[in-house]
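Structural overview for review
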Amino acid sequence: MSFKEGKSRRVLTRVAAVAAAAGFGVAGLAGSASADITIQQYVALGDSFASGVGAGDYADDGTDCYRSANAYAQQANVELGERLWFEACSGARIEDVVANQLNHLYPVNTEHVTIGVGGNDAGFSSVLTACAGTDTALCKTAITNARTVITDSLPAELDDLYTRVETKAASADIVVVGNPRLFNETACSGALAITPEEQALLNDAADLLAETTASVAADHGFDFADPRAAFEGHGVCSADPWILGYTGTLESFHPTAAGQDAYTDVVLPLLDY
């Protein structure tokens, strides 16, 4: 089956569901449905890694979300060809996704959903701030606190979010997207005073976040897009970094446009199209 044939068939299936719910026949709708595949929608949820902070070319949409034209959701949708609701926003926590990003999830025509959130709930921004100085004890304490959040409270919050998403978008293909390790575990100016030892501890915390998120996603039957292998050798302080080091702006320690390209290569194969 070709890409267009597959999309048209899924459109007709969803139109049939709508028609049945409304008490209408399908035959009179089939022609217009097959001609208008924009009924299918892709909703991209999440935080700054999902919105594309660090990748440039941000939308002038009157928000502080820093939604990049280079973000993986934008790139993936070139292939999906759907109506994109790009809801991901810089700084978002799980509670923000629940409160502000679920309004365009629908039970019939939401075809795809990606969810990338959790790092802010674990306080990684504050952890990086603590580790950027010369107080190793402060850094290690901040990492320990983040690991406690990831282990103790994050699973229940993610479970609640995922339940809300699958309830509102019952027929969607839902993919949970993780975060890469940030560091190459070597010293450079972009890492400020974060030592290789501290970088290793931060990467271990990133692994815990990924494994925890993947576990909750699996409980819901969602695919998990894990970018860690793709980013291997491209962390901060590497010869070819796909993650920005310290820039003095909120873009610090976020994927570049090349990093978002790598994300797309990991996410897109998991989206059924």
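Residues numbered from 1 in each chain as written. Predicted model: local features only at pLDDT ≥ 70, side-chain atom pairs only at ≥ 80, totals over all residues. Heavy atoms only, no water.

Under an unreviewed UniProt entry, the name given to the protein is SGNH/GDSL hydrolase family protein, and the organism recorded is Glycomyces luteolus.

1. Description of empty space enclosed by the protein
Where empty space is left in the structure can be found by rolling a water-sized probe over the atoms. Tallying each qualifying case throughout the model produces one cavity of 30 Å³ or more. The calculated volume of the largest cavity comes to roughly 70 Å³. Taken together, Gly116, Val117, Gly118, Gly119, Val177, Gly178, Asn179, Ala206, Leu209, Ala210 and Thr213 make up the lining of the largest cavity. If one sorts the elements of the lining of the largest cavity by residue count, helix α9 (residues 196–219) sits on top with four residues. Classifying every residue of the lining of the largest cavity by side-chain character gives five nonpolar, six polar and no charged. (1 Å grid on protein atoms, 1.4 Å probe; cavity = no way out; pocket = protein on both sides within 12 Å on 5 of 7 lines; lining within 4 Å. Points joined across faces, edges and corners; volume = space filled by probe spheres on them. Helix = DSSP H or I, 4+ residues; strand = E, 2+ residues; numbered from the N terminus. Nonpolar A, V, L, I, M, F, W, Y, C, P; charged D, E, K, R; others polar.)

2. Observations concerning the pattern of salt bridges
Enumeration according to the criterion identifies eight salt bridges in this entry. We note a salt bridge from Arg181 to Asp207, for which the minimum N-O separation is 2.9 Å. On the criterion of sequence distance, the pair formed by Arg181 in the loop between β4 (173–177) and α9 and Asp207 in helix α9 is long-range, its members being 26 residues apart. A salt bridge links Arg228 to Asp226; the nearest nitrogen and oxygen atoms lie 2.7 Å apart. Residue Arg228 is classed as buried on the basis of its relative accessible area, which comes to 14%. A network of salt bridges, in which partner residues are shared, links Arg181, Asp207, Glu211, Asp226, Arg228 and Glu232. (Salt bridge = Lys/Arg side-chain N within 4 Å of Asp/Glu carboxyl O. Buried < 20%, exposed > 50% of the residue type's maximum accessible area, 1.4 Å probe, protein only.)

3. A look at the packing of helix α7 (residues 136–152) against α9
Interhelical geometry of α7 versus α9 gives an angle of 5° and a closest axis separation of 10 Å. Between α7 and α9, the angle is such that the two are roughly parallel. Along its contact with α7, which presents Thr136, Cys139, Lys140, Ile143, Arg147, Ile150 and Thr151, the element α9 presents Glu197, Glu198, Leu201, Leu202, Asp204, Ala205, Leu208, Leu209 and Thr212. For the contact of α7 with α9, the class distribution of residues is eight nonpolar, three polar and five charged. (Axes fitted to C-alpha atoms, helices over the stretch in contact; angles between N-to-C directions. Parallel < 35°, antiparallel > 145°, perpendicular 65-115°, else oblique. Contact = heavy atoms within 4.5 Å.)

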